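# Architecture at a glance
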Amino acid sequence: MQAQQAQPAEAAVAHRIVQAQLFTRSTLGFTPPPYALGDGLPSGEWTTVDLPYSAPTRMLSSATLAQEPSQALPLTTEVWYRLAVPALVSEASPLYLYVPRWKSDGQIAIYGDGRLLYKSDARFLWNAVNLPLWIPLQGTAGAPAVREIQIRGQRLSGTRAAMSTAWVGTSEAIGWRYQLRYWLQSDFPAMSSAAFLAAGIFAFGVWLRRRRETIYLMFFVASAVACVRTLHYFVSRQRVPISDEWFSWLTVSSLFWLVLISYFFLRSLHGLRHRWLTITACAVTALASAITLPVVPALPKAALISPLLYAVLLVMGTTLFIVACRDAWHVRSREAGLLGGWGLLSLLAGGYDWLLQSHLLVNVEGMYLGAYSNIGVFFIASYVILHRYLAAIEGMERVNVHLEHRLREREVELVQSHARLREVEHRETLAQERQRLMQDMHDGLGSSLTSALHLVRHGKAGSEELAQVLAECMDDLKLAIDSMEPVDADLLLLLATLRFRLAPRLEGLGMQLRWEVSEVPPLPWLDAAAALHLLRILQECFANVVKHAQASFIQLECEECNGGIEVRVIDDGRGFDVHAALQARGRGLKNQLRRAEALGGRMSWSRSTGEPSAVTRCVLWLPLQAPQSGERSAP
């Protein structure tokens, strides 16, 4: 029972291999690894090395260098490692081989006791140099234990190869190491690069709508270049769909591009310009991209080009970021200061990556830090964009608050102005109405009272004449009162008011009033002043009939005709000479013509002698629309 309880604890076993046997030999070109080691390992001298191990660079002789250009295939070195697996409880669960880091220019193959366990698909100069290996040594629990692991690889002569320590054990014991390493070296940089690129695409969409804000375009370019730059950190073990030469060119050149676009991004933040520094940086970037193109013939001592390019990049980047930090300090731009400082730290991380890639001064098992520099750029650039976006929103909110405040002030001013205008309009209306009434009373009632006063003073007025004058005064007063009543453009209502006033008087004089009025459309222009004009005209017509015509009846007709409305006053009196009446001193007919003209209408008089009796017609034609010429005359 105790043995059964102890078995799960013994199943989680792990062993770290820190020593290996090494064999190297010169080869010509890259050759595929053997499918199986049926003939055994290559014979020759094997040496014991400690892991992690970095192979020293072999200096090629002058004779070899002289022969190399004539070779169709490059000079390579085949490298073999033998790792001894100690006795483990292999029956408990399957065992795995975990290699944190390795470097080989050609295909890598891993054998277990001479049996092929893993082989990369093809040569990868840049692909998968940052991915750990996870190889099953046993398919199932209880399978024969692997006692020795053989690892075969190839590298270009004159370059370095490396192998870290190795782990052998169960998935429970060492699986977390592999998963953590794979996530840190591949998954996390891939996710951050994808997030950076997605944010860049969003910024590009913003720039398409706001072309003047180039910071969004630079953010997009920086995200795209950063994605290209970090591509070699997380590509799979399969080959990318471009040649190693072009992939190498993208990897190296994108470093210069990223530094340059970061400088332009910084320049847009602090707003300062350094013409010659910008021209120099652009020229160095263009030159570095040009001389590393795969189409350019190989330069002599090509092995020195890469360290020289990294040195130039370090000098250029350090200069640009120091100047940017200084400019950010001068203009007090915290955003530019953060990005410039992170640029300097990224250069240090890039230097560390170069040392790690060249296996100089740093542990072979270290991880590349360059991928994490892009993460910082992403967060800082996103912070800059977000800060500007929020600042723009806050600015718009402040503008809206200010506009709302101004709008409220203007509303108060408009209300006060409207109140003042209404008060002024009310005063003007009262003044105009007062003036109209005064003028009307002066011309009508005042004139009649003056005539009556003159007759009384000179003893010329009898009781009947005086009563007639006073009755006319009362009629004038009633007309002024009736004109002030609202008629709402209704001519028939105005005529009905006139009938109400005049009918009793005519009946008292023994005259018959005939009323033949038909429906007519409303007159929009019929206001108080126009109503008084109309009443004065009809009053004058009735007064002339009563005083001079000796008629037995008066007939009033109203109907729509001739594009307007005709109001006709007909009597059976003795009639009069219109021409002579107009030439006389009296102003009755002249006032009627003047008032009709003020209304935009026409006055006419006619006499007919037909059967059964002769009649006189006074016709007033009124327009349906308001008069167009000038203002109406005063009543």
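Quick caveat: nothing in here was measured; it's all calculated off a predicted structure.

This part covers the overall build of the protein. Within the protein, the regular secondary structure consists of 15 helices and 18 strands. In the protein, which comprises 635 residues, the proportion classed as buried is 40%. Taking contacts inside the protein between residues at least 6 apart in sequence as the whole, the part at least 24 apart equals 77%. For the protein, the exposed surface amounts to about 34,300 Å²; the carbon and sulfur share of it is 60%.

Here we come to empty space enclosed by the protein. Under the definition given, this model contains five cavities of 30 Å³ or more. Of the volumes computed, that of the largest cavity is approximately 90 Å³. Counting only elements with at least two residues in the lining of the largest cavity, the list comes to strand 5 (75-84), strand 7 (102-103), strand 11 (148-156) and strand 12 (162-163). Counting residues per element, the lining of the largest cavity draws most heavily on strand 11, which supplies five residues. Tallied by class, the residues present in the lining of the largest cavity amount to eight nonpolar, three polar and four charged.

Here the focus is the environment of glycine 205. Topologically, glycine 205 is positioned in helix 3 (residues 171-209). The partly exposed category is assigned to glycine 205, whose relative accessible area is 32%. Spatially, the C-alpha atom of glycine 205 lies 8.8 Å from that of leucine 217, the residues being twelve residues apart in sequence.

The end-to-end C-alpha distance of helix 7 (residues 275-291), which contains 17 residues, comes to 24 Å, matching closely the 24 Å that a straight helix rising 1.5 Å per residue would cover. When we look at burial in helix 7, the residues that qualify are Thr278, Ala281, Thr285, Ala288 and Ser289. Down the axis of helix 7, the sector holding all buried residues measures 105°, keeping them to one side. Set apart from the buried face of helix 7 by more than 90 degrees, the exposed residues are Arg275, Trp276 and Leu287. At its buried positions, helix 7 is contacted by helix 6 (244-270) and helix 8 (305-331).

Here we take up the packing of helix 6 against helix 7. Taken N-terminus to C-terminus, the directions of helix 6 and helix 7 make an angle of 165°; their axes are 9 Å apart at the nearest point. Considering the angle they form, helix 6 stands roughly antiparallel to helix 7. The crossing of helix 6 and helix 7 is left-handed. Seen from helix 6, the contacting residues are Trp249, Ser253, Phe256, Trp257, Leu260, Tyr263, Phe264 and Arg267; seen from helix 7, they are Leu277, Thr278, Ala281, Cys282, Val284, Thr285, Ala288 and Ser289. When the residues that make up the contact of helix 6 with helix 7 are grouped by side-chain class, the tally is eleven nonpolar, four polar and one charged.

Reading across from one edge, 3-2-5-11-8-9 is the order of the six strands in this open sheet, with antiparallel pairing throughout. Each edge of the open sheet carries a strand with a single partner, namely strand 3 (47-50) and strand 9 (115-119). Shown here is a sheet whose adjacent strand axes are inclined to one another by a mean of 30°, direction ignored. Where strand 8 (residues 109-112) meets strand 11, four bridges bridge the pair, whose relative direction is antiparallel. Of the residues in strand 11, the one forming a bridge with glycine 112 is isoleucine 149.

The next thing to look at is the packing of helix 3 against helix 4 (residues 214-229). Helix-helix packing is characterised by the crossing angle of the two axes and by the distance between the axes. Close contact between helix 3 and helix 4 brings their axes to 8 Å; oriented N to C, the two are set at 150°. Relative to helix 4, the element helix 3 lies roughly antiparallel. As for the relative orientation of helix 3 and helix 4, their crossing is left-handed in sense. Mapping the contact onto sequence places Ser193, Phe196, Leu197, Ala199, Gly200, Ile201, Ala203, Phe204, Val206 and Trp207 in helix 3 and Thr214, Tyr216, Leu217, Phe219, Phe220, Ala222, Ser223, Ala224, Ala226 and Cys227 in helix 4. For the contact of helix 3 with helix 4, a count of residues per class yields 16 nonpolar, four polar and no charged.

Moving on, we come to the nonpolar core. Membership of the largest hydrophobic core comes to 41 residues, with the highest contact counts inside it found for Phe196, Ile215, Tyr216, Phe219, Phe265, Leu269 and Met316. Counting residues per element, the ones that place at least two in this core are helix 3, helix 4, helix 6, helix 7, helix 8, helix 9 (334-358) and helix 10 (370-457). It is helix 6 that contributes the most residues to this core, eleven residues altogether. In contact with phenylalanine 196, other than residues within four places in its own chain, are Phe219, Ala222, Ser223, Ala226, Asn374, Val377 and Phe378.

In total, this model carries ten salt bridges according to the counting rule given. Between glutamate 365 and arginine 16 there is a salt bridge, and its shortest N-O distance comes to 3.5 Å. On the criterion of sequence distance, the pair formed by glutamate 365 in the loop between helix 9 and helix 10 and arginine 16 in strand 1 (residues 14-17) is long-range, its members being 349 residues apart. With a relative accessible area of 15%, glutamate 365 lands in the buried category. Of the charged contacts, one joins arginine 326 and aspartate 327 as a salt bridge, the two residues approaching to 3.5 Å between their closest N and O atoms. Take aspartate 327: its relative accessible area is 1%, and that puts it in the buried class.

Let us now look at helix 9. Given a rise of 1.5 Å per residue, 25 residues ought to cover 36 Å, and the 36 Å separating the end C-alpha atoms of helix 9 matches this to within 8%. Where helix 9 is concerned, the buried positions are Glu335, Ala336, Leu339, Gly340, Gly343, Ser346, Leu347, Ala349, Asp353, Leu356 and Ser358. In the stretch just after helix 9, histidine 359 is the one whose phi turns positive, near 60°.

Now for the confidence of the model for the protein. Detailed reading of the predicted coordinates is not advisable wherever pLDDT is low. Per-residue pLDDT for the protein averages 79, and the proportion of residues at 70 or more is 79%. For the protein, per-element mean pLDDT is lowest for helix 1 (residues 2-11), which scores 41, and highest for strand 3, which scores 93. Per-residue pLDDT stays below 50 along residues 59-70; that stretch engages in four contacts with residues further than four places along the chain or on separate chains. Contacts of residues 629-635 to residues separated by more than four positions or lying in other chains number 19 contacts, the stretch itself having pLDDT below 50.

Scanning the entire structure with this criterion turns up zero disulfides. Cysteine cysteine 618 is unpaired, with the sulfur of cysteine 541 as its nearest cysteine sulfur at 3.1 Å. Judged by its relative accessible area of 7%, cysteine 618 falls in the buried class.

Reading the values: the criteria
- Residues numbered from 1 in each chain as written.
- Predicted model: local features only at pLDDT ≥ 70, side-chain atom pairs only at ≥ 80, totals over all residues.
- Heavy atoms only, no water.
- Helix = DSSP H or I, 4+ residues; strand = E, 2+ residues; numbered from the N terminus.
- Buried < 20%, exposed > 50% of the residue type's maximum accessible area, 1.4 Å probe, protein only.
- Contact = heavy atoms within 4.5 Å.
- Areas by Shrake-Rupley, 256 points an atom, 1.4 Å probe, with all protein chains shown as cover.
- 1 Å grid on protein atoms, 1.4 Å probe; cavity = no way out; pocket = protein on both sides within 12 Å on 5 of 7 lines; lining within 4 Å.
- Points joined across faces, edges and corners; volume = space filled by probe spheres on them.
- Nonpolar A, V, L, I, M, F, W, Y, C, P; charged D, E, K, R; others polar.
- Expected span 1.5 Å × (residues − 1).
- Arc of directions from axis to C-beta.
- Axes fitted to C-alpha atoms, helices over the stretch in contact; angles between N-to-C directions.
- Parallel < 35°, antiparallel > 145°, perpendicular 65-115°, else oblique.
- Left-handed = near helix turned anticlockwise from the far one by under 90°.
- Pairing = 2+ DSSP bridges.
- Core = buried A, V, L, I, M, F, W, Y, C linked by side-chain atoms within 4.5 Å.
- Salt bridge = Lys/Arg side-chain N within 4 Å of Asp/Glu carboxyl O.
- pLDDT = per-residue confidence, 0-100.
- Disulfide = S-S within 2.5 Å.

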